[in-house]
Amino acid sequence: MPYRDFFAHHPPLLWQLLAPLHGVVESAGAFLVLARAALCVVWLAQLGLLWHLARSALPQPLAPLAALAPLAAGLLQTWADHAIELRPDGLALTLTLASFALLTTR
């Protein structure tokens, strides 16, 4: 059983990526703050990838309107709430958007 002693029902990639942060701080509370800050960077990467995808999908004269995509997404309350949760969904979405961005690169 690969996840027999693992406490969550998610695969452990996110926890393994966050493990080095645990060695930097002294307390569990400080780790949570630092991990949430790291996931906010992931959330900002999502907004940047949304802009890139919208810019590549729009015709050249309408390309400046691509800024509306991350603006609209950033204003969604549920998206903002999930930006600071310690869940692997944000990382998975970022990697999915990055793969779409690589597929649509001109």
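The structure displayed is predicted, hence computed values, not measured ones.

**With respect to the overall build of the protein chain**
Within the protein chain, the regular secondary structure consists of 5 helices and 0 strands. In the protein chain, the succession of helices and strands from N to C terminus is α-α-α-α-α. Relative to a compact globule of 106 residues, whose C-alpha radius of gyration would be 13 Å, the protein chain shows 17 Å and is clearly more extended. Counting only C-alpha atoms, the protein chain reaches 55 × 30 × 25 Å along its principal axes. Counting the 106 residues in the protein chain, one finds 28% classified as buried. The centroid of the 5 positive side-chain charges in the protein chain is displaced by 13 Å from the centroid of its 5 negative side-chain charges.

**Remarks on the side chain of His52**
Inspection of the secondary structure puts His52 in helix 2 (residues 28-57). Polar side-chain contacts of His52 include one of 3.2 Å to the side chain of Arg55. Sequence-distant contacts of His52, defined by excluding residues within four places in its chain, comprise Ala101, Thr104 and Thr105.

**As for the packing of helix 2 against helix 3 (residues 68-75)**
For any two helices packed against each other, one specifies the inter-axial angle together with the distance between the axes. Viewed as axis vectors pointing N to C, helix 2 and helix 3 meet at an angle of 145°, and their least axial separation amounts to 7 Å. Both helix 2 and helix 3 take part in a crossing whose hand is right-handed. Contacts from Trp43, Leu47, Leu50, Trp51 and Ala54 in helix 2 reach Ala69, Pro70, Ala73 and Gly74 in helix 3.

**Notes on the nonpolar core**
Soluble globular proteins tend to bury their nonpolar side chains together. Formed by Trp43, Leu47, Leu49, Leu50, Leu53, Ala73, Trp79, Ala83, Leu97 and Ala101, the largest nonpolar core amounts to 10 residues. Of all the secondary structure elements, the ones that give two or more residues to this core are helix 2 and helix 5 (89-103). For this core, the element with the highest residue contribution is helix 2, accounting for 5 residues. Setting aside residues up to four positions removed in sequence, Ala83 forms contacts with Arg36, Leu39, Cys40 and Trp43.

**What about the pattern of salt bridges?**
In this structure the tally under the stated criterion is 2 salt bridges. Close ionic contact of Glu85 with Arg87 constitutes a salt bridge, the shortest N to O distance being 4.0 Å. You can call Glu85 partly exposed: its relative accessible area is 30%. Residue Asp89 is joined to Arg87 by a salt bridge in which the shortest nitrogen-to-oxygen separation is 3.2 Å. In the salt-bridge network here, residues are joined through shared partners; they are Glu85, Arg87 and Asp89.

Parameters at a glance
- Residues numbered from 1 in each chain as written.
- Predicted model: local features only at pLDDT ≥ 70, side-chain atom pairs only at ≥ 80, totals over all residues.
- Heavy atoms only, no water.
- Helix = DSSP H or I, 4+ residues; strand = E, 2+ residues; numbered from the N terminus.
- Rg over C-alpha atoms; globule rule 2.2 N^0.38 Å.
- Buried < 20%, exposed > 50% of the residue type's maximum accessible area, 1.4 Å probe, protein only.
- Lys, Arg positive; Asp, Glu negative; His and termini not counted.
- Charge placed at Lys NZ, Arg CZ, Asp CG, Glu CD.
- Polar contact = N/O pair within 3.5 Å; in protein donor to acceptor, adjacent residues only side chain to side chain.
- Contact = heavy atoms within 4.5 Å.
- Axes fitted to C-alpha atoms, helices over the stretch in contact; angles between N-to-C directions.
- Left-handed = near helix turned anticlockwise from the far one by under 90°.
- Core = buried A, V, L, I, M, F, W, Y, C linked by side-chain atoms within 4.5 Å.
- Salt bridge = Lys/Arg side-chain N within 4 Å of Asp/Glu carboxyl O.

Purely geometric stuff here, so don't read any function into it on its own.
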